[in-house]
Amino acid sequence: MLSLSTRTAGVQLRRTFATHASAPAEQAAKATRHNWKRKEIKEIYESPLMDLVFRSASIHRQHHDPSKIQLCTLMNIKTGGCSEDCSYCSQSSRYTTATKASKLLEVDPVIEAARKAKENGSTRFCMGAAWRDLSGRKRGFDRILHMVREVRGMGMEVCTTLGMLSPEQARQLKEAGLTAYNHNLDTSREYYPQVITTRSYDDRLDTIKAVREAGISVCSGGILGLGETDADRIGLIWEISCLPEHPESFPVNALVPIPGTPLEGNERVPHTTLVRTIATARIVLPTTIIRLAAGRNTLSEAEQAMCFMAGANAVFTGEQMLTTPCSPWDEDKALMGRWGLEGMASFEQPNVARKEGERLQKDTSKAPESSETSASL
């Protein structure tokens, strides 16, 4: 916020020029709707692209600092061998791909990777395990709870994606210090059976409900390029908008076709489709962080800039995503430097901080006075 001050007859007058503004909680709550109609979202999605981006950029600046991007690093802690048939995923045991199944990692290499991510500016560390659910995996789950405690103890936000969760498992993750849980809806309810048959749409919604009721931030979005239509992309955003709480994070993935999977021959999703989806999601989910996720490394710098102008404000950065390439830290630091951007601090998003509540206050009080809270690059 820039300001000019003058004094007239002993009275100070102040004019403000908004470059960005963080809306008060009441204003943000008022702007967040849960009664969107598909027709309304369709009208937004199909509006002229320049008008759409201008509108989404304006809404973005009402609820977020446009100079900040959340930097996240994702690590695969258990690769392959999954019993699900997600047609985009190389980790399914049903497909013959270059991805080889491995056991759950031990704690130490995961913590070392989290330290490296933090040193490179990431403030959220995400851990993914290729499982349908945690049934019969008590020892493995205990190890993951240990990982969550250790990463949280480093002052980072910590996220996991472990398949379907029960309410009790969600509660244990929350007690261990989990900040967020990723569980994507992937696409519209109507198109979903064309992509996955081993888990229903309602199964996914049940896990999201368990996570939300445990007080964990929800990370849920979709994948573009599955063979879906614009109506399915609109349907995905509509489904998310109808949740009792909008997710704190909405990842937008562009399919990276992987040889050996049923979708290996799919064409790259057009950049304009990616921008339209991001911009529409920003308008419908005004306080949510929108994460430009898989496929970002295939975009030019100008294409990425357009996505961030449209309202994206988070990326995955580092050595790799789960099984697809990721933009390295050094490249992202250079890119952000050219754009005049910096990384968000841990727990900077108001909705996430609210859910952390007393625990975050205790963590802050324990931190050394000299510790850095900014993730500036």
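See the structure above.
Predicted model only: the values in this text are computed from it and were never measured. (Residues numbered from 1 in each chain as written. Predicted model: local features only at pLDDT ≥ 70, side-chain atom pairs only at ≥ 80, totals over all residues. Heavy atoms only, no water.)

A.B. asks: Explain the nonpolar core residue by residue, including any values.
C.D. replies: Within soluble globular proteins, side chains that are nonpolar tend to cluster in buried spots. Formed by 88 residues in total, the largest nonpolar core has its most connected members in Ile77, Tyr88, Phe125, Leu173, Phe250 and Ile278. Apart from the residues within four sequence positions on either side, Phe250 is in contact with Ser220, Gly221, Leu236, Ile237, Ile240, Ala281, Leu285, Thr288, Ile289, Ile290 and Arg291. By size, the runner-up hydrophobic cluster in this structure holds seven residues, among which are Cys72, Leu74, Cys159 and Phe316. (Core = buried A, V, L, I, M, F, W, Y, C linked by side-chain atoms within 4.5 Å. Buried < 20%, exposed > 50% of the residue type's maximum accessible area, 1.4 Å probe, protein only. Contact = heavy atoms within 4.5 Å.)

A.B. asks: Got a sec to walk through the pattern of salt bridges? Specific residues and values, please.
C.D. replies: Enumeration according to the criterion identifies 26 salt bridges in this entry. The partner of Arg152 in a salt bridge is Glu356, with the nearest N and O atoms 2.6 Å apart. Of the two residues, Arg152 is situated in helix 5 (residues 138-153) and Glu356 in helix 12 (residues 350-366); the sequence distance between them amounts to 204 residues. Glu356 shares its class with Arg152; the two are buried. Overlapping salt bridges bring together Glu84, Arg132, Asp133 and Arg199 as one network. (Salt bridge = Lys/Arg side-chain N within 4 Å of Asp/Glu carboxyl O. Helix = DSSP H or I, 4+ residues; strand = E, 2+ residues; numbered from the N terminus.)

A.B. asks: How would you summarise the packing of helix 3 (residues 49-63) against helix 9 (residues 271-284) if you had to cite specific residues and measurements?
C.D. replies: One can describe the packing of helix 3 onto helix 9 by two numbers: an axis separation of 9 Å at closest approach and a directional angle of 40°. Put simply, helix 3 runs oblique to helix 9. The chirality of how helix 3 crosses helix 9 is left-handed. Along the contact surface, helix 3 presents Leu49, Leu52, Val53, Arg55, Ser56, Ile59 and His60, while helix 9 presents Thr272, Val275, Arg276, Ala279, Thr280, Arg282 and Ile283. Here the residues of the contact of helix 3 with helix 9 sort into seven nonpolar, four polar and three charged. (Axes fitted to C-alpha atoms, helices over the stretch in contact; angles between N-to-C directions. Parallel < 35°, antiparallel > 145°, perpendicular 65-115°, else oblique. Left-handed = near helix turned anticlockwise from the far one by under 90°. Nonpolar A, V, L, I, M, F, W, Y, C, P; charged D, E, K, R; others polar.)

All quantities given are derived from atomic positions and should not be read as evidence of function.
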